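Chains, contacts and geometry: an overview
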Amino acid sequence: MQLVIVESPAKAKTIEKYLGGDFRVLASYGHVRDLPAKDGSVDPDNGFAMAWENYADKGKQLKAISDEAKKADRLILATDPDREGEAISWHVQEVLKKKKALPQKVDRVTFNAITKDAVTQAMAQPRGLDEDLIDAYRARRALDYLVGFTLSPVLWRKLPGAKSAGRVQSVALRLVVDREREIESFKPQEYWSVSAEMEQGGQGFTARLVRWKGEKVEKLTLGQRGDADAAKADVEAAQFKVESVETKPLTRNPPPPFTTSTLQQEAARKLGFSASHTMRIAQQLYEDGAITYMRTDGVQMDGSAISAARKAIADRYDGSYLPEKPRQYQTKAKNAQEAHEAIRPTDFKRERLGSGDHSKLYDLIFKRALASQMASARLERTTVELRDSTGRTGLRATGQVVIFPGFLTLYEEGVDDSDEEGGKLLPRMKEGDAPAKKSVSAEQHFTQPPPRYSEASLVKKLEELGIGRPSTYASTLQTLKDRNYVRIEKNRFFAEESGRLVTAFLERFFERYVSYDFTAALEDELDEVSGGRAQWQKVLEAFWRDFKPKTSEVMEQKPSEVTAELDKFLAPMLFPDRGDGSDPRACPMCGEGKLSLRGGRFGAFIACSNYPECKYTRKFGQPGGNEGNGESDQPEILGQHPETGQDIVRKSGRFGPYIEMGSGKEAARASIPRDIPGEDFGLDWAVKLLSLPRTIGDHPETGKPITASIGRYGPYLAHDGKYARLSGTAEVFDTGMNAAVAKLADAAGRGGRASGGASREPLKALGEHPRTGAAIKLMDGRYGAYVTDGTINATLPKTVDKDSLTLEEAAQLIDERAAKAPAKGKKKAAAKKSTAKKAPAKTKAKAG
């Protein structure tokens, strides 16, 4: 018997179909061991020895693998064809060695697509484990561990509120923060443009001013209204003739098929997918045999795939859409290392697949790959120059027309933040023509700061700089979100206060390790290890030699000293020049104290040196120029409470604006909801908020009170331990008894439907589980169709059609779901059994 190991059960299931009865295919469910999150997991003093530890939840799977390995004549490690796949194979082999269950013959095979041809060809060409790739994996894993577990404790102790730092994560964060600084320091410039609406042969077009008073008009030439109005008057008074018509043919070639990076970028632009979501869907498409391996830097397709694509083009379009020779592409990405194919469909006859996001991503991959082998688009760009009789005033009109669409018929690549012009069609004109001038306009503009990064543009920038690997970008960006270092608004990255502070700390004390050049150079060194041209311990030694003393040096500094250094480093941002000669650090409340950065339990903030006499504070991320515009944190007395006579004060805290009445432990406080406009918020609203929770009345059925209030997750109703959401703050005070009872009933009904699957009618009874005998049913749930055996629920993958689901497929899904969390379930079962032996059911119930 031959034992084959892959990462996922879906992949195992597909491959087992292609192999004969002599093969047993098992899944490792990804990595089976890792470095434990504790000191000593990497020992720099002992050749960077690593103490690997098996994942606790992989015990059942590792036992199954070792049991089968003991019976096997040959072990075939068939994990993914990249560094991580090589590492998983190595880990499995090492675990089996320790268990003394390793078969005498061990082979490594790789395939770029899970198709019968690809798998059978791979099985016929086995090799040994790639030690260079394994060394590169160890180097990266050790390096990331050493940076994270050495630098993060420094952050925790010297920078309250900071959560973590990482080798690539911190540099990606710096990109976001640097862009935020660019935007804040940007000074918009006013400029004007003058254009004329013209007409020739009944067809209108726009011509813009490019020459005035004999001088060329650049973007910022007309800097104020006076100049614009004068230029407009000159254009209105002039008669223009066509001086020249220049037509240039243009050729646009199709983009290459997707790499990991370009797929993430295009899916973000066109589908609105995050990088992590794109990779999750692509992984499922790969495991289902629909696309080739999705972690790749390669842009070339296999010869047979190119032939299949060309045939699909010939079948779909006429001969003009097929170039004479197949197109060949070469990667331009810095640090490109993987010798894999580009991402493409495994079958160009399959134009559509699955539903929902799976269908959308497959469609994108299919069209991009097919378009890469199509004919170029032919366009024509026309530029018309018009002059007045003096030659001192000139207009220009540009237009573009598609002569032959070529690949554009099927696919056009998205772009980030493009301001291209000149795409409109112009009327036919020749030298000496005098188009009619219909109107002239002058428009005011302001220069714009650089745009914030989107997921697509940030991934593109990281790749351009050679920072990190495309396969890790999704997890890197997700970490920044999870740490709350950034937030996403309208698909753009905004740096949060905590992210800005961490970046400032790293720039001030660890500048080298967050520099773009150093991080890219380190990637080059790690790639040298992958290629067998560098020794992994030597790369780590060179890094650790400088990094460790630096962290020790910073750790010895007092938190107050660190804060003082950051105060100086961040002064231009925190205390910008006001332009009136006044001291930007002067306290706006007392007028005598000086403002400076302080460190607190919940992070950094700005405070007055006259504390505690002056209690002025403001948030760390709030620039100093905001005083006086209603944005500072200065307390404001809204008035006196009509019943208690106490002052109600509006303040700003770590979690936003709030109101306070009283002081100390007895003070009453309430956050100011975001859905109350600032101009509407006053004493009346403050009194209402301080009165919460509001009792609406007793429920007509239970006699128990129904209350309305505002909690951590927004406004809500409460009754007898049950809750219902309200749509806004106003509903907290306006909802009456009838509406409250109805909302609570609706919420209870939704909860019952979500959790009461067992009581609903199944879509189909599939039969008995072939291994456990339990009855398997197909159900319709809140999040889609799923199968259940009464104990285990397993969601159907998007690529599986519920109408054609078989009993064996359903049983496999349930088995896979059960295998994913064995430790937790096993522990619960053991506790139940033990308790039952010690006491009768009645006693157990009483004890509970």
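None of these values were measured; they are calculated from a predicted model. (Residues numbered from 1 in each chain as written. Predicted model: local features only at pLDDT ≥ 70, side-chain atom pairs only at ≥ 80, totals over all residues. Heavy atoms only, no water.)

1. Concerning the overall build of the protein chain
Across its full length, the protein chain carries 24 helices and 32 strands. Here the protein chain holds 848 residues, and 46% of them are scored as buried. Considering only contacts within the protein chain whose residues lie at least 6 apart along the sequence, 66% involve residues at least 24 apart. For the protein chain, the computed accessible surface area is about 43700 Å², with 47% contributed by carbon and sulfur atoms. (Helix = DSSP H or I, 4+ residues; strand = E, 2+ residues; numbered from the N terminus. Buried < 20%, exposed > 50% of the residue type's maximum accessible area, 1.4 Å probe, protein only. Contact = heavy atoms within 4.5 Å. Areas by Shrake-Rupley, 256 points an atom, 1.4 Å probe, with all protein chains shown as cover.)

2. A short note on the sheet that holds strand β27 (residues 714–719)
What the four strands build is an open sheet, ordered β25-β26-β27-β28; its pairing is antiparallel. Each edge of the open sheet is held by one strand with a lone partner, namely β25 (694–698) and β28 (722–725). Adjacent strand axes in the sheet meet at a mean angle of 25 degrees, parallel and antiparallel pairs treated alike. Sheet topology places β25 next to strand β26 (residues 705–711); four bridges connect them, and they run antiparallel. Each bridged residue has a counterpart across the sheet, and for Gly697 the counterpart in β26 is Ile706. (Pairing = 2+ DSSP bridges. Axes fitted to C-alpha atoms, helices over the stretch in contact; angles between N-to-C directions.)

3. With respect to the pairing of strand β31 (residues 784–788)
Of all five residues making up β31, four are buried, and the element is well covered by its neighbours. Here strand β30 (residues 775–781) pairs with β31 via five bridges, running antiparallel. What sits directly across from Met779, in β31, is Tyr786. Bridging between β31 and strand β32 (residues 793–795) involves three bridges; their strand directions are antiparallel.

4. Regarding the nonpolar core
Among the nonpolar cores identified, the biggest contains 94 residues, and Phe505, Phe510 and Leu566 are the most heavily contacted of them. Looking at this core element by element, the count peaks at 12 residues for helix α5 (residues 131–158). In this view, Phe505 contacts Val154, Leu155, Lys158, Leu159, Phe510, Val554, Val562 and Leu566; residues no more than four positions away in its chain are not counted. With 61 residues, the next largest nonpolar core counts Ala78, Ile291, Leu364 and Met374 among its residues. (Core = buried A, V, L, I, M, F, W, Y, C linked by side-chain atoms within 4.5 Å.)

5. What to know about the sheet that holds strand β7 (residues 74–77)
In spatial order, the strands read β2-β1-β7-β8; together these four strands make up an open sheet with parallel pairing. Lying at the two open borders of the sheet, with one neighbouring strand each, are β2 (23–27) and β8 (105–108). Neighbour-to-neighbour, the strand axes of this sheet turn through a mean angle of 20 degrees, independent of strand direction. For strand β1 (residues 2–6) and β7, the ladder comprises four bridges, and the chain directions are parallel. Across the sheet, residue Ile5 finds its bridge partner in β7, namely Leu77. Packing of helix α1 (residues 9–18) onto the sheet brings it into contact with β1 and β2, and relative to β2 it is tilted by some 165 degrees. Sitting on the sheet, helix α2 (residues 59–71) is in contact with β1 and β2, with an inclination near 160 degrees to β2.

6. Regarding the confidence of the model for the protein chain
Any region with low pLDDT has predicted coordinates that should not be read closely. With 90% of its residues at a pLDDT of 70 or more, the protein chain has an overall mean of 85. Here residues 622–632 scores under 50 on pLDDT; set against residues more than four positions off or in separate chains, the count is 21 contacts. Taken together, the stretch residues 752–759 has pLDDT below 50 and engages in four contacts with residues farther than four places along the chain or on a different chain. (pLDDT = per-residue confidence, 0-100.)

7. Focus on helix α19 (residues 683–690)
Taken together, the buried positions of α19 are Trp685, Ala686, Leu689 and Leu690. Seen along its axis, α19 keeps its buried residues to an arc of 130 degrees; they face one direction. (Arc of directions from axis to C-beta.)

8. Side note on the pattern of salt bridges
Counted by the stated rule, this structure contains 54 salt bridges. Overlapping salt bridges, with partners in common, bring together Arg140, Asp144, Arg167, Glu523 and Asp527 in one network. (Salt bridge = Lys/Arg side-chain N within 4 Å of Asp/Glu carboxyl O.)

9. Looking at unusual backbone geometry
Following Tyr611, the chain continues into Pro612 via a peptide bond in cis, with omega recorded as 10 degrees. Positionally, Pro612 belongs in the loop between β19 (603–608) and β20 (617–619). For Lys100, which is not glycine, the phi torsion reads 55 degrees and is therefore positive. You can call Lys100 exposed: its relative accessible area is 76%. Its identity as a non-glycine residue notwithstanding, Lys213 has a phi of 55 degrees, on the positive side. With respect to the secondary-structure elements, Lys213 resides in the loop between β10 (203–212) and β11 (215–216).

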